[in-house]
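Descriptive structure summary
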Amino acid sequence: MRKAAILALLLALAPLCNAHAADPQPFERGSWAKLRAAHEGQPTIVHLWGLTCAPCLTELPEWAKLEKERPDMRLVLLAADPVPQPPARVEEMLTRTGLGKTESWSFADRFNERLRFEIDPAWSGELPRTLMIDREGKVTTLSGVADLAEVKAWLDRQAKR
Amino acid sequence: MRLFFTLLATLMLAGTAAAQHHNHGKPSAAPEAFTATPAFGPDGTLWLVRATADKIVVVKSTDLGKTFSEPVAVTPEPMNLDWGPDARARIAVDPKGGLIVTFAIFQDKNFNGRAFFARSKDNGASFTPPRPITADKTSQRFETVAVDPSSGRVFATWLDKRNGAKARASGRAYPGAALAYAWEDGDASFGKTEIALDNTCECCRLGVAFAGPGRPAIVFRNIFPGSVRDHAVVTFKDATTPGPLRRVSADDWKIEACPHHGPTIAIAPDGSYHVAWFTDAPSRKGLFYARADNGNVPFGAPRALSSPNRQPARPYLLSDGQALHLVWKEFDGTKSVVRWQVSRDSGRQWTEARTIAETSDASDHPLLVAYGGHAYLSWLTKIEGYRLIPLENQP
């Protein structure tokens, strides 16, 4: 009886733990290297957006559509607001947009100069921004709202290689 | 039963650890303003307005920033302060030593703002309850006050969304915001709000300087046709007549977003205009400076202040009566540094840029302030706190 109670409790608490794993991961100093290492050798698209960036919020649903259309796309979302936003609000926005299950990170350090420098020293912080990273680690940057035709063409090229 | 509690404790600890991990860098707390803005009083007192969490306070220093008084609250109740990266509470001192503080709050999750002001007539011992700068409630942000040196009258300008709301209600497109202004009407309120210009960029700070008695000059990021967000100056012909728009530079930065990166202006005693700004156009990236001999001629060729891969940002210009000072922030890979240049010939020639302060964590914009012919860097950083750094003469 006691064991059953423990098991029931464990089962009840398990989803709570998993919910944490789905939150945006805090993007801190050194996170960029970890993110890159985790996807090394795999064509990956890192989309930089922000809760405080109106055009980003308009664009997000397009990424949700593309993700459904292209299961071959490894997509990582990074909320790069200059003033860090509450992770719960980042997650809420992504879930509402249909991107709740996509790997997601969120700037968690007010020293955003440092975070931006690690990603790209020449990036002055403008959003949205999309980084397409091929198998060899070569980065193709799309500044502003991404032309999805260009993204699809890039994905097609990766599939052929 | 012991096993039960052990398991429960382990689970709870794991949950707490995960929550703490997420709290690192305070991202789960509400975003906060992190600014300190200075102004010197006529007696050499340094006044500083600080925005932290949900309140605005004023402190003063009579020893050039070495020690400060206990903070005096400007906001009696907690308020949802505008924490935008280009927003700040400001303070100005009139010639009689009266203080005026301005700041904005967010009214909603869509970053609609409301701009307030508060006055002190008792040398900063207390402030009047904050009152809105304008009656319209649509949205005001980036409120900036400046005291007309000739009359002591306070001029306020801000970015206002009222015309955008009206246009959308009648089915018309309205990019950006409007440049609004009002003059203080006595000490208790601002007079009628006027719109100087429609369709400016909506989330970049403004710069104000005086071209003559009753004649403010405002620099701002405008929206030129095709969503080109370059800079312009409007100089008033008289207190209620904004002059024509004068473009500072044709960078042709076409962007459908807001850069959160506003300009700075100074007008020297010889009437020359000096502007510095940030752009990320394909052909011109980074920080730039340009000058014009007076208010009626075009600005000269832009001069780059830094390399674009050093994240040059947040320029600030000041004329202290004898010299022009220019500072900005750069990032060197580990530290943010403040670079400084000075010109003693109306901005034609400048000294080599020199690093005058640095920090290895988050920081506010570098600002300049002058008293008695001496200019100072005013900089709030997370590690070092607030610093007032004298800009010594260079050989």
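Remember, it's a predicted structure, so these values are computed and weren't measured experimentally.

Take the overall build of chain A next. Of the regular secondary structure elements, chain A holds 6 helices and 6 strands. Ordered by position from the N terminus, the helices and strands of chain A form the series α-β-α-β-α-β-α-β-α-β-β-α. Looking at chain A as a whole, 37% of its 161 residues are labelled buried. For chain A, long-range pairs separated by at least 24 residues make up 73% of all intrachain contacts whose partners lie at least 6 apart in sequence.

For the rest of this paragraph, the subject is the overall build of chain B. Summing up its helical and strand segments, chain B has 2 helices and 28 strands in all. Over its C-alpha trace chain B gives a radius of gyration of 22 Å, about what one expects of a compact globule, namely 21 Å for 395 residues. Within chain B, the proportion of its 395 residues that are buried is 47%. Taking contacts inside chain B between residues at least 6 apart in sequence as the whole, the part at least 24 apart equals 47%.

Glancing now at the sheet that holds strand 8 (residues 131-132) of chain B. Within a sheet, each strand pairs with its neighbour through backbone hydrogen bonds, oriented either parallel or antiparallel. Residue and element names in this part refer to chain B. Here 4 strands make up an open sheet; going across it, the order is 5-6-7-8 and the pairing antiparallel. This sheet does not close on itself; its edge strands, each paired only once, are strand 5 (90-93) and strand 8. Two elements, strand 6 (residues 99-106) and strand 7 (residues 113-120), share 8 bridges in a ladder whose sense is antiparallel. Residue pairing across strands places Thr-102 opposite Phe-117, the latter belonging to strand 7.

So, about unusual backbone geometry. When glycine is set aside, most residues are seen to have a negative phi, and most peptide bonds are trans. Cis geometry is adopted by the peptide bond preceding Pro-128 of chain A, which originates at Leu-127 of chain A and carries an omega value of -5 degrees. Looking at the secondary structure, you find Pro-128 of chain A in the loop between helix 5 (112-119) and strand 5 (129-133). In this structure, Ser-346 of chain B takes a positive phi of about 65 degrees despite not being glycine. Relative to the elements of secondary structure, Ser-346 of chain B occurs in the loop between strand 24 (336-343) and strand 25 (354-359).

Let's shift gears to the environment of Pro-216 of chain B. All names here are of chain B. Structurally, the position occupied by Pro-216 is in strand 15 (residues 215-221). Given 24 C-beta atoms within 10 Å, Pro-216 falls into the buried group. Considered as a pair, Pro-216 and Leu-287 are 71 residues apart in the sequence and their alpha carbons are 24 Å apart. Discounting residues that sit within four places of it in the chain, Pro-216 has contacts with Ala-146, Phe-155, Val-208, Phe-210 and Phe-236.

Turning next to the nonpolar core. Counting 92 residues, the largest nonpolar core has Val-101, Val-233, Ile-265, Val-275 and Ala-276 of chain B as the members making the most contacts within it. In contact with Val-101 of chain B, not counting residues within four places along its chain, are Val-49, Ile-56, Val-58, Val-74, Ala-89, Ile-91, Phe-117, Ala-118 and Phe-127 of chain B. In this structure, Phe-27, Trp-49, Val-76 and Ala-79 of chain A belong to the second largest nonpolar core, which totals 27 residues.

Before going further, it helps to spend a moment on the pairing of strand 3 (residues 55-61) of chain B. Residues and elements named next belong to chain B. Alignment of strand 2 (residues 46-52) against strand 3, held across 7 bridges, turns out to be antiparallel. Bridged to Arg-50 within strand 3 is Val-57. Two strands pair when backbone bridges link them, and strand 3 and strand 4 (residues 72-73) are joined in this way by 2 bridges, in the antiparallel orientation. Bridge pairing in strand 4 links Val-57 to Ala-73.

What follows concerns the confidence of the model for chain A. Chain-level pLDDT for chain A is 88 on average; 86% of the residues reach the 70-or-more range. In this model residues 9-21 of chain A is a low-confidence stretch, pLDDT under 50, and it forms 7 contacts with partners more than four residues away in sequence or in other chains.

Another aspect to go through is the sheet that holds strand 6 (residues 139-143) of chain A. Residues and elements named next belong to chain A. A sheet is described by the order of its strands in space; here 6 strands give the open sequence 1-4-3-2-5-6, paired in mixed fashion. This sheet does not close on itself; its edge strands, each paired only once, are strand 1 (25-27) and strand 6. Taking the axes of each pair of neighbouring strands and ignoring which way they run, one obtains an average angle of 25 degrees across the sheet. Note: strand 1 against strand 4 (residues 103-107), 3 bridges, orientation parallel. Across the sheet, Phe-27 pairs through a bridge with Phe-107, a residue of strand 4.

Another point: the pairing of strand 10 (residues 154-160) of chain B. All names here are of chain B. Counted residue by residue, strand 10 has 7 buried out of 7 residues, so it is predominantly covered. Side chains of strand 10 alternate between two faces, with Val-154, Ala-156, Trp-158 and Asp-160 and Phe-155, Thr-157 and Leu-159 buried alike. Summarising the sheet, strand 9 (residues 140-147) and strand 10 pair through 6 bridges and their orientation is antiparallel. Bridge pairing in strand 10 places Val-145 opposite Ala-156. As consecutive antiparallel partners, strand 9 and strand 10 are separated by 6 residues, and within that stretch Gly-152 has a phi angle of approximately 80 degrees, a positive value. As paired strands, strand 10 and strand 11 (residues 177-185) are joined by 6 bridges and run antiparallel to one another. Counterpart to Thr-157 in the pairing with strand 11 is Tyr-181.

What counts, and at which threshold
In this convention, every chain numbers its residues from 1, walking through the sequence in written order. Working convention: letters from A go to chains and numbers from 1 go to ligands, in the order in which they are written. Side-chain atom pairs in this predicted model are given and counted only at pLDDT of 80 or more, local residue features only at pLDDT of at least 70, and totals for whole chains, interfaces and linings cover all residues. By definition, any uninterrupted DSSP run of H or I lasting at least four residues is a helix, any uninterrupted run of E lasting at least two residues is a strand, and each is numbered from the N terminus. Counting other C-beta atoms within 10 Å of each residue's C-beta, where C-beta atoms are placed from the backbone, gives the exposure class: buried for 20 or more, exposed for 12 or fewer, partly exposed between. By the criterion used throughout, residues are in contact when their C-beta atoms, derived from the backbone, lie within 7 Å. We take the radius of gyration over the C-alpha atoms and set the globule estimate at 2.2 Å times the residue count to the 0.38 power. Only strands joined by at least two bridges in the DSSP assignment are considered to pair. A set of buried Ala, Val, Leu, Ile, Met, Phe, Trp, Tyr and Cys residues, joined to one another through C-beta atoms within 7 Å, is what we call a nonpolar core. Each residue gets a pLDDT score, which is the predictor's confidence in that residue and runs from 0 to 100. Whenever a helix is involved, its axis is fitted only over the stretch in contact; in every case the axis is a line through C-alpha atoms, and angles between N-to-C directions fall within 0 to 180 degrees.

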